[in-house]
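# Inside the fold
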Amino acid sequence: AVSMGGPHVSDEVREMLDRYRQMRRTEPVSQDKDTGRWQVFRYGDGMTVATDANTFSNDLSEFIPDHEELRTFSKGNFQNMDQPRHRELRGLVSQGFTPRFVAGMAPRIETVAKELLDALRDRDRIDLVTDLAQPLPVTVIAEVMGLPVSDRALFRKWADALLVDNGIDAIFSEQGVAAMAPAIREMNAYLLNHVREYRTSDREGLIGDLIAAETDGMTLDDQEIVGFLALLLIAGHLTTSTLLSNAILCLDENPDATRQLRDDPGLLPNAIEEVLRYRSPLFWLDRRARETVELGGCEIPAGSQVSVALASVSRDEEEFENPDTFDIHRNPVRHLAFGMGAHFCLGAPLARLEVRIALKALLDRYRDFAVASDEPIVYHDPRGFQGATHLPVDLLVA
Ligand code: HEM
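All of these numbers come straight from a predicted model, not from anything done at the bench. (Residues numbered from 1 in each chain as written. Predicted model: local features only at pLDDT ≥ 70, side-chain atom pairs only at ≥ 80, totals over all residues.)

### Let's talk about the overall build of the protein chain
Counting its secondary structure elements, the protein chain contains 17 helices and twelve strands. A principal-axis box enclosing the C-alpha atoms of the protein chain has dimensions of 55 × 55 × 35 Å. By residue count, 40% of the 398 residues in the protein chain fall in the buried class. (Helix = DSSP H or I, 4+ residues; strand = E, 2+ residues; numbered from the N terminus. Buried ≥ 20, exposed ≤ 12 C-beta atoms within 10 Å, placed from the backbone.)

### Some points on helix 1 (residues 11-26)
Compared with an ideal rise of 1.5 Å per residue, which puts 16 residues at 22 Å, helix 1 spans 22 Å between its outermost C-alpha atoms and is within 8% of the ideal. Residues Val 13, Met 16, Tyr 20 and Arg 24 constitute the buried set of helix 1. Buried residues of helix 1, viewed axially, fall in a sector of 75 degrees; they line one side. Pointing more than 90 degrees away from the buried face of helix 1 are the exposed residues Asp 11, Asp 18, Gln 22, Arg 25 and Thr 26. (Expected span 1.5 Å × (residues − 1). Arc of directions from axis to C-beta.)

### Overview of the packing of helix 8 (residues 135-145) against helix 9 (residues 152-163)
Running from amino to carboxyl end, helix 8 crosses helix 9 at an angle of 110 degrees, the nearest separation of the two axes being 10 Å. Considering their axes alone, helix 8 and helix 9 lie roughly perpendicular with respect to each other. In this structure, helix 8 uses Pro 135, Val 138, Thr 139 and Ala 142 to contact helix 9, whose residues at the interface are Arg 152, Phe 155 and Arg 156. (Axes fitted to C-alpha atoms, helices over the stretch in contact; angles between N-to-C directions. Parallel < 35°, antiparallel > 145°, perpendicular 65-115°, else oblique. Contact = placed C-beta atoms within 7 Å.)

### Things to note about the sheet that holds strand 8 (residues 305-309)
Adjacent strands of a sheet form backbone hydrogen bonds with each other and so pair up, either parallel or antiparallel. If you walk across this open sheet you meet the five strands as 1-2-8-5-3, and the pairing is mixed. Each edge of the open sheet is held by one strand with a lone partner, namely strand 1 (29-31) and strand 3 (56-57). Direction of pairing for strand 5 (residues 284-289) relative to strand 8: antiparallel, over a ladder of five bridges. Counted as the bridge partner of Arg 288 is Gln 305 from strand 8. With respect to the sheet, helix 2 (residues 43-51) is in contact with strand 1, strand 2 (38-40), strand 3, strand 5 and strand 8, its orientation differing from that of strand 8 by roughly 130 degrees. (Pairing = 2+ DSSP bridges.)

### Notes on the pairing of strand 8
Counting buried residues in strand 8 gives four out of five residues, a clear majority hidden from the surface. Relative to strand 8, strand 2 is paired through three bridges, and the arrangement is parallel. Across the sheet, residue Val 40 finds its bridge partner in strand 8, namely Val 308.

### Examining helix 10 (residues 174-200)
With 27 residues, helix 10 ought to run about 39 Å at 1.5 Å a step, and its terminal C-alpha atoms sit 38 Å apart, in line with that. Those residues of helix 10 that sit buried are Met 180, Ile 184, Met 187, Leu 191, Val 195 and Tyr 198. Looking at the buried positions of helix 10, the neighbouring elements they touch are helix 3 (68-73), helix 9, helix 11 (206-212) and helix 12 (222-235).

### Examining the pairing of strand 12 (residues 392-397)
Bridge analysis of strand 4 (residues 125-127) against strand 12 gives three bridges, and the strand direction is antiparallel. From the neighbouring strand, Asp 127 faces strand 12, where its bridge partner is Pro 392. Sheet analysis places strand 9 (residues 366-371) next to strand 12, joined by five bridges and oriented antiparallel. Residue pairing for strand 12: Val 371 is matched across the bridge by Val 393.

### Examining the site of the ligand
Around the ligand, 25 residues are found, and the nearest of them are Gly 236, Thr 239, Gly 339, Cys 345 and Gly 347. Going through the elements one at a time, helix 12, helix 13 (238-253) and helix 17 (348-365) are the ones with two or more residues in the shell around the ligand. Its residues assigned to classes, the shell around the ligand comprises 16 nonpolar, eight polar and one charged. (Near = placed C-beta within 6 Å. Nonpolar A, V, L, I, M, F, W, Y, C, P; charged D, E, K, R; others polar.)

### A look at the confidence of the model for the protein chain
Averaged over the protein chain, the pLDDT score is 92; the fraction of residues at 70 or greater is 98%. In this model residues 1-6 is a low-confidence stretch, pLDDT under 50, and it forms ten contacts with partners more than four residues away in sequence or in other chains. This complex was scored by the predictor with a pTM of 0.95 and an ipTM of 0.99. (pLDDT = per-residue confidence, 0-100.)

### As for the environment of Asp 169
Here Asp 169 is to be found in the loop between helix 9 and helix 10. As a C-alpha pair, Asp 169 and Leu 89 span 80 residues in sequence and 25 Å in three-dimensional space. Those residues in contact with Asp 169 that lie beyond four places of it in its chain are Gly 176 and Arg 383.

So this is what it looks like as C-alpha cells:
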C-alpha cells in the first residue's frame, strides 16, 4: 500500500500533508501568524473562495508593492482582475486561444515529444524534468506565440526569476519585486518588440489573432498583449512540467495503474485528473476578501488575503473517498488544481493534451521506466510548486 503522500515525497511535504489533515479537522480556516494570511483547508470552503467573486477578489494589488514597471507589465494579466474587466480581456484572448486551436496542436505536440525522446535514444537514465517535462511545454508555448524556440533558455530564466529563484511570494515584498525587476524589464522589452513586429507584418498565429481580436469595438493594445503573453509564458510552463513529472511519480508508485494505462491509453485523461488531485502542481490559490466574511466558523476581516491550500482541499475526506489513495478510476475527480469558476485555467486543455501525449509517448517507447533508486529526487520549495526540479528516471527500451 502507498503511504500517506506516497513514497516519493519530501519530508517537508509529508509534514505539510499531515498538518493539513489535522487542520481540516480542528482549524479548517486559520490565520497564518507569519504572513497574516487566512488559509483555507477544506474542499467546500476552498470552492467558495475560488468561485464567489462577489466576496473574494482576484485583485491582489493591495498586497503588492506599487512599481511602475510591474504595473505596466501586468496591464494584460487578467488573472488578477475582477469583472467586468476580466470578462472583457479573457473574452478577447479566448478568440485566439480556442479549444479548437488547442486541439489542432496535437500533431505538433506529438512531433515535439518525439524529437525530445529521440534525442535521448542512447541514454538509459534521464532527468525527466530537464530532458522532457520542461522543454515540452516551453517549446509548445513558444511555437503557439510564434517566438523562436532557440530562446527557450531565456523563457526558462524568466519563469525561474518570477516564480522560483526569489520564492513564490517574491511579488508581495519590496525586496522580492526588486529582485524580479531585471527579468520583468527584459521580458517586457522582448515581448513588446515581438508584438510590434507582428503589427507590421501579417504573420498568422496567436499574436495575429490577438491583434485582430475585437469585441464591441474594443481591442487589445500592445502592452495588454504583452501582459497576456507573459501570463502564458509563465503560467503555462512550470505548472505543466510539474504536472508531467508528478504523473511519473504517481505511476512509479502505482505499477498496477501503469500496467492498465499501457493496456488502455483511453484511461489516461482520467488518470491525469487524478494526478492533479493527488499532487496539485500549485500549493496555493489566492484571493482578497472584499468584505468581512464568515468562513469555516471564522470571521475573516475585509481586506484580508485568503489562500486556498490546494494540496489540502484535494485530500479532504469529506469530499473524496480514501483521499490518500491514488486511483485512476476515481470519477469524477473534482479537484481545484486548475481553479474553478470565472478564472478557471484558460490553459487547462493545453496542459491536459501535452501531458497525455507525453505519457503516451513514454509508454509506447519504453517497456518500463522507473524512478532511480540510487540518485535523489530534488523537489521545489514547497511554498510554491508541488513537484520535482530534478527527477532521475531509468528507461528500459521496448
Ligand atoms: C489560471 C493552474 C497550465 C494559462 C489558472 C488558475 C490555476 C491554474 C489554479 C486559476 C487562478 C485563479 O483562479 O486565480 C494551472 C495548472 C496548469 C496550468 C495546474 C498545468 C498543469 C496552464 C497553461 C496555460 C495557462 C498551459 C497557457 C498556456 C492560464 C491563464 C489563467 C490561468 C491565462 C488565467 C485565467 C483567468 O484568470 O481567467 N491556472 N495552469 N495555464 N492559467 Fe493555468
